[in-house]
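As a plain string of letters, each chain reads:
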Amino acid sequence: MARDPTGKLTHLGADGAANMVDVGDKNDTVREAVAEGFVAMTSETLETILAGNAKKGDVIATARIAGIMAAKKTHELIPLCHPLMLSKVSVEIQPDRDLPGLRVQALARLSGKTGVEMEALTAASIACLTIYDMAKAIDKGMEIGPVRLLSKTGGKSGTWTRSAP
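Since the model is a prediction, treat every value here as computed from it, not as a measurement.

Participant: Go over the environment of Val104, please, and point to the residues and values.
Facilitator: Within the secondary structure, Val104 is located in strand 3 (residues 101–112). Between the C-alpha atom of Val104 and that of Gln94, which follows or precedes it by 10 residues, the distance is 6.6 Å.

Participant: Requested: an account of the pattern of salt bridges, with residues and values cited.
Facilitator: Here the structure, examined in full by the defined rule, presents 8 salt bridges. Two residues, Lys113 and Asp28, come together in a salt bridge whose shortest N-O distance is 3.6 Å. Taken together, the residues Lys113 in the loop between strand 3 and helix 4 (117–135) and Asp28 in the segment before strand 1 (29–40) connect sequence positions 85 residues apart. Of the residues examined, Lys113 reaches a relative accessible area of 30% and is grouped as partly exposed. Salt-bridge contacts for Lys73 lead to Glu76; the nearest nitrogen and oxygen are separated by 3.7 Å. The partly exposed category is assigned to Lys73, whose relative accessible area is 40%. Using a relative accessible area of 53% as the deciding quantity, one classes Glu76 as exposed. Through salt bridges with shared partners, one network takes in Lys56, Asp133 and Lys136.

Participant: So what's going on with a nonpolar patch on the surface? Which residues, and what values?
Facilitator: The grouping of Leu129, Ile144 and Val147 at the surface amounts to a nonpolar patch, some 220 Å² of accessible area in total. By the element assignment, Val147 lies in the loop between strand 4 (143–144) and strand 5 (148–153).

Reading guide: rules and limits
- Residues numbered from 1 in each chain as written.
- Predicted model: local features only at pLDDT ≥ 70, side-chain atom pairs only at ≥ 80, totals over all residues.
- Heavy atoms only, no water.
- Helix = DSSP H or I, 4+ residues; strand = E, 2+ residues; numbered from the N terminus.
- Salt bridge = Lys/Arg side-chain N within 4 Å of Asp/Glu carboxyl O.
- Buried < 20%, exposed > 50% of the residue type's maximum accessible area, 1.4 Å probe, protein only.
- Patch = residues over 30% accessible without salt bridge, like charges linked within 9 Å, V, L, I, M, F, W, Y side chains within 5 Å.
- Areas by Shrake-Rupley, 256 points an atom, 1.4 Å probe, with all protein chains shown as cover.

Here you go:
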């Protein structure tokens, strides 16, 4: 949970009750966040997906659309998130034969008063869950994770980038 400059949690009122943060006095800035997630699977499952032979259809295209749709609905899924007018959401899904599996990267951007980290994380998470759903008939042992923020820009706190491991 975020803290204000005095160290108080921003989503708690004076009485300790949860509330939505008032962002009305913040300046509009361009804000962008990038998150990633991974779906590890057997090499056979990965090859089936890449060949387009999953029984439910195009796993990668469906997961991409699901991630984009999820970013747009983040405020409906996570309590106290603001509804945002996103200017861009992209979800890129790449095979990673070393995993083996699929690497998901989601970007969310807007010009506004609050950040888009939750939207990027939601997009990555739902894209990963959709991959699992689309291919679970082939491989119930797939693993999702880690889902994590890679970077964010804009706003009062400025730029943050995850350090290389």
